[in-house]
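# Geometric and topological summary
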Amino acid sequence: MKEIFKITLSLTVVCIVASLILGFVYAKTEHARKLNDERIEQQTIQSLLGYGVGAKIPSDLKVYPVYRYVITTEKGETVLGYVLPIKDNKVALAEMDLSGNPIKVIPIPVELSALADKATRDDAVNAALPKGSKSIYAQTIFVADQGGKRLGYVVPGVTQGFKSFIKLMVSLNPDFTVTGVAVTSAEEDPGLGAEIQKSFFRNQFVGKTIELLKKLTVVKEPLPPNFAAALDPAKAKAKGLTPEQVKEIKEKHLKDNIYALTGATISSRAMTNGVVSTVKKFVYRLDKLNEAIKKEQLSVAF
Amino acid sequence: MSSNLKLIWNGLIPENPIFRLALSMCPAVAVTTSVENGLMLGLAVVFVQVFSSCTVSIFKSFIHPRIRIPAYVIVIALWVTVIDMILPVISPDVYKKVELFVKLIVVFAIIISRLELFASKEPLIPSFFDGLGMGFGFLFGLCLIGAIREFFGTGQLFGYDILGFNPLLIMVLPAGGFFVIGFIMAIFNWFEYKITGKIPTSGGAH
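Residues numbered from 1 in each chain as written. Chains lettered and ligands numbered in written order. Predicted model: local features only at pLDDT ≥ 70, side-chain atom pairs only at ≥ 80, totals over all residues. Heavy atoms only, no water.

As a further point, take the packing of aromatic side chains. Residues and elements named next belong to chain A. Considering all chains together, one arrives at 14 aromatic pairs over all chains under this definition. Feature note: the residues Tyr153, Phe176 and Phe282 constitute an aromatic cluster, connected by ring pairs. It is Arg121 that lies over the ring of Tyr67; its NZ or CZ is 4.0 Å from the centre. The side chain of Arg121 reaches across the aromatic face of Tyr137, ending 4.6 Å from its centre. (Phe/Tyr/Trp six-rings, centres within 6.5 Å; stacked < 30°, edge-to-face > 60°. Lys NZ or Arg CZ within 6 Å of the ring centre and 35° of its normal.)

Right, here's the structure in full:
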């Protein structure tokens, strides 16, 4: 009987010490990790818009975030709330019902740059709402604008991968043609599913229009070798393909479905479904949002 | 010092975790489609093995023998999580590459078996070198398998095109992993037979 107490106590002590160490390390590294994550997110967005590492970012390129909230009003109804950047560096929360009819616009007395922090933003949204309503953060959409001209959109999405969720970002041009896909976090198996992060797979989505995306499926066929080379900039260079040749090959295969990765059909399907559903939902929502902005005559910044 | 060097040598060849002890075969098959993958996972294992061996060796007298296995698992999980939290702060670019591999390590048989067989009985310094040797042995094994599979499967090494064509696609598929490990294991056993003149028993020393 004495033994069991000894064992219990001993294991408890081990667990407590371990959790104390973990807590300490977490508290010490949390801030730096958050900053790094934000920096990586910024870099991902910039590279999706065509300004990768080393490229000079034009001074008139502006990326505006649009935050989407799901709000439960004091009457128990579910409505959508968009935190929109308004001209002259102001911010407003535009509420609309689920079918896209605008309800009201509430100004938020906080600067847009301060809203990048989730806790600050949640507080600001809750303060703007009448008492008794609740808001849940859903998504951030990025609208890129260059010198008053719409450059495109960057939309984050989530999809169920092989083991856990794959988080991705899709960039679209104003006509809703995919211009880039990035995987921001995934826990697929290295060597198999993790290949979704390689450019030869991701770039298969580039150039697909919304019509093509609606019919897009995964085929279990080997990727044609010259297409594979054209999809990977490093390989295209090694093979000595000229930019014109690369363009020609890509155009030839534009209407192809997605070629599944060898040994990772589930991950390939997950990515394809993720990209398609992210774009479809985004196009639907943006349409509603634009309608609401027009009806309410909001002078949004983008 | 020579005994410490012997411990490292022991982990590299005579008791190589993959080819002699036949431990942690799952990642050895799954991950080794390229040398780079093998190298990353191997490095991650070296760190976790050395840290865990040292920790267990220092605190071995405090750990009650009947709860040693859960205690070892906690020690390994602790180090894996600590590395997983500190690495993105020190070097986000390296972390992006090894993120997937670090998270795999908690359940590796090789680490817990070294804690049980070696670190829980020996003092700190031999435990450190044993951990180092086992880690390097694992790293060596993964890189060797990865190199063979990448070369024959895709005609590349470290992502650089060498052959320019794919000689044997099966090598990068899971089946290829079993073939390569099987053949290397056979070569190891053949050498042991040539040197000692005895037919090796199944597995290694354990």
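Attention now moves to the sheet that holds strand 2 (residues 78–86) of chain A. By way of backbone hydrogen bonds, the strands of a sheet pair with one another, either parallel or antiparallel. Residues and elements named next belong to chain A. In space, the eight strands of this open sheet follow the order 4-3-2-1-5-6-7-8, with antiparallel pairing throughout. Only two strands of the sheet have a single partner each, and these edge strands are strand 4 (102–108) and strand 8 (178–185). Each strand axis lies, on average, 25° off the axis of its neighbour in the sheet, ignoring direction. As defined by bridge partners, strand 7 (residues 165–172) adjoins strand 8 across six bridges and the pair is classed as antiparallel. The partner of Leu168 across the bridge, within strand 8, is Val183. The sheet contacts of helix 1 (residues 2–48) involve strand 1 (61–72), strand 5 (134–146), strand 6 (149–160), strand 7 and strand 8, and relative to strand 8 the element is tilted by about 160°. Each of strand 1, strand 2, strand 3 (90–96), strand 4, strand 5, strand 6, strand 7 and strand 8 touches helix 8 (residues 265–296); the most contacted strand, strand 7, lies at about 55° to it. (Pairing = 2+ DSSP bridges. Helix = DSSP H or I, 4+ residues; strand = E, 2+ residues; numbered from the N terminus. Axes fitted to C-alpha atoms, helices over the stretch in contact; angles between N-to-C directions. Contact = heavy atoms within 4.5 Å.)

What follows is about the layout of surface pockets. Left-over empty space is what a probe sized like a water molecule reveals as it rolls over the atoms. In this structure, the second largest pocket spans a volume of roughly 370 Å³. Among the elements of the structure, helix 1 of chain A together with helix 3 (35–59) and helix 4 (68–90) of chain B are those that each provide at least two residues to the lining of the second largest pocket. A per-element tally of the lining of the second largest pocket places helix 1 of chain A first, with six residues. Residue composition of the lining of the second largest pocket, by class: 14 nonpolar, two polar and no charged. (1 Å grid on protein atoms, 1.4 Å probe; cavity = no way out; pocket = protein on both sides within 12 Å on 5 of 7 lines; lining within 4 Å. Points joined across faces, edges and corners; volume = space filled by probe spheres on them. Nonpolar A, V, L, I, M, F, W, Y, C, P; charged D, E, K, R; others polar.)

Turning next to helix 2 (residues 118–128) of chain A. All names here are of chain A. Looking only at helix 2, the buried set comprises Arg121, Asp122, Ala124, Val125 and Ala128. Each buried residue of helix 2 lies within a common arc of 165° when the element is viewed along its axis, so the set occupies one face. Of the exposed residues in helix 2, the ones pointing more than 90 degrees away from its buried face are Asp123 and Ala127. Looking at the buried side of helix 2, the elements it contacts are strand 1, strand 2, strand 3, strand 4 and strand 5. (Buried < 20%, exposed > 50% of the residue type's maximum accessible area, 1.4 Å probe, protein only. Arc of directions from axis to C-beta.)

For the rest of this paragraph, the subject is the domain arrangement of chain A. Residue and element names in this part refer to chain A. Assigned domains of chain A: these are domain 1 (1–57), domain 2 (61–147) and domain 3 (151–285). Taken together, the contact pairs six residues of domain 1 with six residues of domain 2. Together domain 1 and domain 2 conceal approximately 500 Å² of surface at their shared face, both sides included; 73% is due to carbon and sulfur atoms. At the surface where domain 1 touches domain 2, the tally comes to zero salt bridges. There are zero residue pairs in polar contact (both at pLDDT 80 or more) connecting domain 1 and domain 2. Along the lines of polarity and charge, the residues of the side of domain 1 that touches domain 2 split into four nonpolar, no polar and two charged. (Domains from an automatic or database assignment. Buried area = accessible area lost by both parts, 1.4 Å probe. Salt bridge = Lys/Arg side-chain N within 4 Å of Asp/Glu carboxyl O. Polar contact = N/O pair within 3.5 Å; in protein donor to acceptor, adjacent residues only side chain to side chain.)

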